[in-house]
Amino acid sequence: MLLARSGAFEIVAYRIVFSLVFCLMALVALRQWAPLRTVLRNRRSTVTLALAGVLVAGNWTMYVWGVNNGYAIDAALGYFINPLVNAAFGVILLGERMRRLQWLAFGVGALAVVVLVIAYGRVPWVALILALTFGLYGLTKKMVGLSVPPLPGLAIETAAAAPFAIIYLGWLASAQLSTVDLMSGYGLLMMLAGPVTAIPLLWFAAATARVKLSTMGMLQYVAPVLQFLLGWLYIGEQMPPGRWAGFIIIWIAMAIFMLDMAGQARRTYRNGHGGPAPVS
């Protein structure tokens, strides 16, 4: 909303450039040049990370385009579908296993998506593209795993997409089509898009290397719930009955999954300590 006067491609181009700037500054501050060089020597990891950069840039572009062109609700739906895509990739492609309650939560979540799609009355192609691109991004991050530290990995991702972003911004400037003055308050907002983008992706990279992709998929319902609260309470978007039904089913899926997680934590505690978990 704050960057609405700029087109989707321009916003994403600045996000890429300033995410890279942020990563380079962090590499200097944290002295992680050596891990970066180690990753770059591994061709497979470098190519995988470059692919991840292309996927996440495509995801950003579709999201910004959707929000700026009247598809904000479809964009939100995409992030509800994305956890199901992640869980499916984890089970089908990585051989991960889910417990019974997790399967139940997955099924309830899938039902919620069906209800939301029916409520829309059409195929939400923006949502499907968002779900698939970010699901594939999570899969590529899982493939590199703990062998690549989050910061060097994100630096390579943004560096892979940066040349295209710089060329596009250069063309906008030469054609006098740029909407951004970097010396203005609006320009500062655009520059802040770099760290605002990079920091959550660093956390995401750290999590995907340590947590099962199926578990990550279910936990990612937290983000669209927050988007829902922002849209409903702050932006004032309408919530017809069909959409309410879908959201309520989603919340039931989340509750089932959290119940399973709590039970697993208690079992793990008992196995490690030989007794019941303390009541907090």
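The structure under discussion appears in the preceding block.
Residues numbered from 1 in each chain as written. Predicted model: local features only at pLDDT ≥ 70, side-chain atom pairs only at ≥ 80, totals over all residues. Heavy atoms only, no water.

### Focus on the pattern of salt bridges
(1) Moving on: Per the counting criterion, the structure on display carries 2 salt bridges.
(2) Moving on: The shortest N-O distance in the salt bridge between Asp260 and Arg99 comes to 2.7 Å. Here Asp260, found in helix α11 (residues 241–273), pairs with Arg99, found in the loop between α4 (72–92) and α5 (100–120); they are 161 residues apart in sequence, far enough to count as distant.
(3) Moving on: The buried category is assigned to Asp260, whose relative accessible area is 4%. (Salt bridge = Lys/Arg side-chain N within 4 Å of Asp/Glu carboxyl O. Helix = DSSP H or I, 4+ residues; strand = E, 2+ residues; numbered from the N terminus. Buried < 20%, exposed > 50% of the residue type's maximum accessible area, 1.4 Å probe, protein only.)

### Some remarks on the packing of helix α3 (residues 43–68) against helix α7 (residues 150–174)
When two helices pack together, their arrangement is given by the angle between the helix axes and by the axis-to-axis distance.
(1) Moving on: Where α3 meets α7, the axes come as close as 7 Å, and the angle between the chain directions of the two elements is 65 degrees. For the crossing formed where α3 meets α7, the hand is right-handed. Facing Thr46, Leu49, Ala50, Ala52, Gly53, Val56 and Ala57 of α3, the residues of α7 in contact are Gly153, Ile156, Glu157, Ala160 and Ala161.
(2) Moving on: The residue inventory of the contact of α3 with α7, partitioned by class, reads 8 nonpolar, 3 polar and 1 charged. (Axes fitted to C-alpha atoms, helices over the stretch in contact; angles between N-to-C directions. Left-handed = near helix turned anticlockwise from the far one by under 90°. Contact = heavy atoms within 4.5 Å. Nonpolar A, V, L, I, M, F, W, Y, C, P; charged D, E, K, R; others polar.)

### Details of α5
(1) Moving on: Helix length check: α5, at 21 residues, gives a terminal C-alpha distance of 31 Å against a target of 30 Å (1.5 Å per residue), a fit within 8%.
(2) Moving on: Taken as a whole, α5 has its buried residues at Gln102, Ala105, Phe106, Val108, Gly109, Ala112, Val113, Leu116 and Tyr120. Down the axis of α5, the smallest arc covering the buried residues is 165 degrees, so these residues share one side. Looking at α5, the residues exposed on the side facing more than 90 degrees away from the buried face are Arg100 and Ile118. (Expected span 1.5 Å × (residues − 1). Arc of directions from axis to C-beta.)

### Side note on the packing of helix α1 (residues 8–30) against α7
(1) Moving on: Relative to each other, α1 and α7 sit at 140 degrees, their axes nearing to 7 Å. Comparing the axis directions of α1 and α7 gives the class oblique. Crossing angle aside, the handedness with which α1 passes α7 is left-handed.
(2) Moving on: Here the residues of the contact of α1 with α7 are counted per class, giving 22 nonpolar, 2 polar and 1 charged. (Parallel < 35°, antiparallel > 145°, perpendicular 65-115°, else oblique.)

### Some details on the nonpolar core
(1) Moving on: Among the nonpolar cores identified, the biggest contains 42 residues, and Ile16, Tyr137 and Met190 are the most heavily contacted of them.
(2) Moving on: At the level of secondary structure, the elements contributing two or more residues to this core comprise α1, α2 (33–41), α3, α6 (125–144), α7 and α8 (185–208).
(3) Moving on: The leading source of residues in this core is α1, at 12 residues.
(4) Moving on: Those residues within four positions of Met190 in sequence are excluded, and the remaining contacts are Leu3, Ser6, Ile11, Tyr14, Phe18 and Val180. (Core = buried A, V, L, I, M, F, W, Y, C linked by side-chain atoms within 4.5 Å.)

### Quick look at unusual backbone geometry
(1) Moving on: The phi dihedral of Arg31 falls on the positive side, at around 55 degrees, and the residue is not glycine.
(2) Moving on: With respect to the helices and strands, the residue Arg31 is situated in the loop between α1 and α2.
(3) Moving on: Phi angles above zero are rare outside glycine, and Gln176 is one such case at about 55 degrees.
(4) Moving on: Here Gln176 lies in the loop between α7 and α8.

### Quick word on a nonpolar patch on the surface
(1) Moving on: On the surface, a cluster of nonpolar side chains totalling about 620 Å² of accessible area is made up of Val222, Leu226, Leu229, Trp232, Leu233, Met258 and Met261.
(2) Moving on: If you list the elements that add at least two residues to the nonpolar patch, you get α10 (222–235) and α11.
(3) Moving on: Examining the composition of the nonpolar patch, we find that 5 residues originate from one element, α10, more than from any other.
(4) Moving on: Its place among the elements puts Val222 in helix α10.
(5) Moving on: Its relative accessible area of 37% is what places Val222 among the partly exposed residues. (Patch = residues over 30% accessible without salt bridge, like charges linked within 9 Å, V, L, I, M, F, W, Y side chains within 5 Å. Areas by Shrake-Rupley, 256 points an atom, 1.4 Å probe, with all protein chains shown as cover.)

### Quick look at α3
(1) Moving on: With 26 residues, α3 should cover 38 Å at 1.5 Å per step; its first-to-last C-alpha distance of 38 Å lies within 8% of that length.
(2) Moving on: Following α3 by one or two positions, Gly70 adopts a phi angle in the positive range, close to 80 degrees.

### Focus on the packing of aromatic side chains
(1) Moving on: Across all of its chains, the model carries 10 aromatic pairs by this definition.
(2) Moving on: Arranged with centres 5.6 Å apart and planes meeting at 65 degrees, the rings of Tyr63 and Tyr79 form a pair that is edge-to-face. With Tyr63 in helix α3 and Tyr79 in helix α4, this pair connects stretches of sequence that are 16 residues apart.
(3) Moving on: Here Tyr63 falls in the partly exposed class, since its relative accessible area comes to 28%.
(4) Moving on: Between the aromatic rings of Phe134 and Tyr137, the centroid separation amounts to 5.5 Å while the plane-to-plane angle is 35 degrees, which identifies the pairing as tilted. (Phe/Tyr/Trp six-rings, centres within 6.5 Å; stacked < 30°, edge-to-face > 60°.)

Any functional reading would require information beyond the geometric quantities listed.
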